[in-house]
Amino acid sequence: MSRVLIAGESWVTQSTHIKGVDSFTTTSYVTGVEPLRRALEGRGHEVVHMPAHLVPAEFPGDADALAAYDVVVLSDIGANSLQLAPEVFEQAVPGRDRLGALRDWTRDGGGLLMVGGYLSFTGFEAKGAFRNTVLHEALPVELLPEDDRVELPAGAGAAVTDAGHPALGGVAGDWPVLLGYNRVKAREGTEVLATLNGDPLVAVAGYGAGRSAVFTSDCSPHWAPRPFCEDWDGYAKVFGGLVEWLAA
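Residues numbered from 1 in each chain as written. Predicted model: local features only at pLDDT ≥ 70, side-chain atom pairs only at ≥ 80, totals over all residues. Heavy atoms only, no water.

1. Some details on the nonpolar core
Right, so step 1: Among the nonpolar cores identified, the biggest contains 41 residues, and Trp175, Phe215 and Leu242 are the most heavily contacted of them.
Right, so step 2: Residue contributions to this core peak at seven residues, all from helix α8 (residues 234-247).
Right, so step 3: With 30 residues, the next largest nonpolar core counts Val72, Ile77, Leu112 and Phe130 among its residues. (Core = buried A, V, L, I, M, F, W, Y, C linked by side-chain atoms within 4.5 Å. Buried < 20%, exposed > 50% of the residue type's maximum accessible area, 1.4 Å probe, protein only. Helix = DSSP H or I, 4+ residues; strand = E, 2+ residues; numbered from the N terminus.)

Okay, here's the thing in structure tokens:
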């Protein structure tokens, strides 16, 4: 069993309702972590979810804090949320280099997984912003300098290139379609286990004494439709396989 920290995969939505000359605003809080949480807990892993709004204040800031976990998953949470702790952003007080700590923890034996989304990798309007951070070097892929999203509204299926790799968890058969992903480029020495639209979908590599991996599409809607993340038994095999390979 591994202890897994998932950071991100939550958001707040604010809607303005206009009815004639009157208007009002409603706010909702949504989490997208449940498919991934269920999949990992179903394979015996302990999952700790840190919602996006808690990341700036609570994400682990040093090796001792990160040592509580075997695998750290960043999913749809931008670099700014990890870099700009409240004391740094609001009070101009020097804080901890949390992306540097995460890079070093991975290099020293940890397991790092980045999952795609509008605020992953380079992201929507480049707001994910991981390319110009020290964590970039720990990823098995090179990030683009511009908005890296590829929308696939008609859907596209993954092409598995190394079905026998343990990081895919023994998944077999066709994968349900996905509706988009973040475009990245594999580094030299990276193993690309599956592609989408000809680009890396699942890629893994060693980093120092540790391991890192990417899944460049989503782990929940919108890029991962219900047939992929809720109905397909391969979902748990893929993400379980990734976590178990990273924790090894």
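2. Section: the packing of aromatic side chains
Right, so step 1: Scanning the model with the defined rule gives nine aromatic pairs in all.
Right, so step 2: Both rings, one in Phe215 and one in Phe239, keep their centres 4.8 Å apart while their planes meet at 55°; by these two values the pair is tilted. Note that Phe215 is positioned in strand β14 (residues 210-215) and Phe239 in helix α8, a separation of 24 residues in sequence.
Right, so step 3: Accessibility expressed as a relative area gives 0% for Phe215, which makes it buried.
Right, so step 4: Linked through ring pairs, Trp175, Phe215, Phe228, Trp232, Tyr235 and Phe239 together constitute an aromatic cluster. (Phe/Tyr/Trp six-rings, centres within 6.5 Å; stacked < 30°, edge-to-face > 60°.)

3. Considerations on the pattern of salt bridges
Opposite charge on two side chains permits them to pair, given that their charged atoms come into close proximity.
Right, so step 1: Scanning the model with the defined rule gives 15 salt bridges in all.
Right, so step 2: Among the ionic pairs, Arg96 bridges to Asp62, the shortest N-O distance being 2.9 Å. Remark: Asp62 occurs in the loop between α2 (55-58) and α3 (63-66) and Arg96 occurs in the loop between α5 (86-91) and α6 (98-107); sequence separation between them is 34 residues.
Right, so step 3: Asp62 gets classed as partly exposed once you look at its relative accessible area, which sits at 25%.
Right, so step 4: In this structure, the salt-bridge partner of Arg107 is Asp108, at a minimum N-O distance of 3.2 Å.
Right, so step 5: One connected set of salt bridges, linked through shared partners, spans Arg103, Asp104, Arg107, Asp108 and Glu137. (Salt bridge = Lys/Arg side-chain N within 4 Å of Asp/Glu carboxyl O.)

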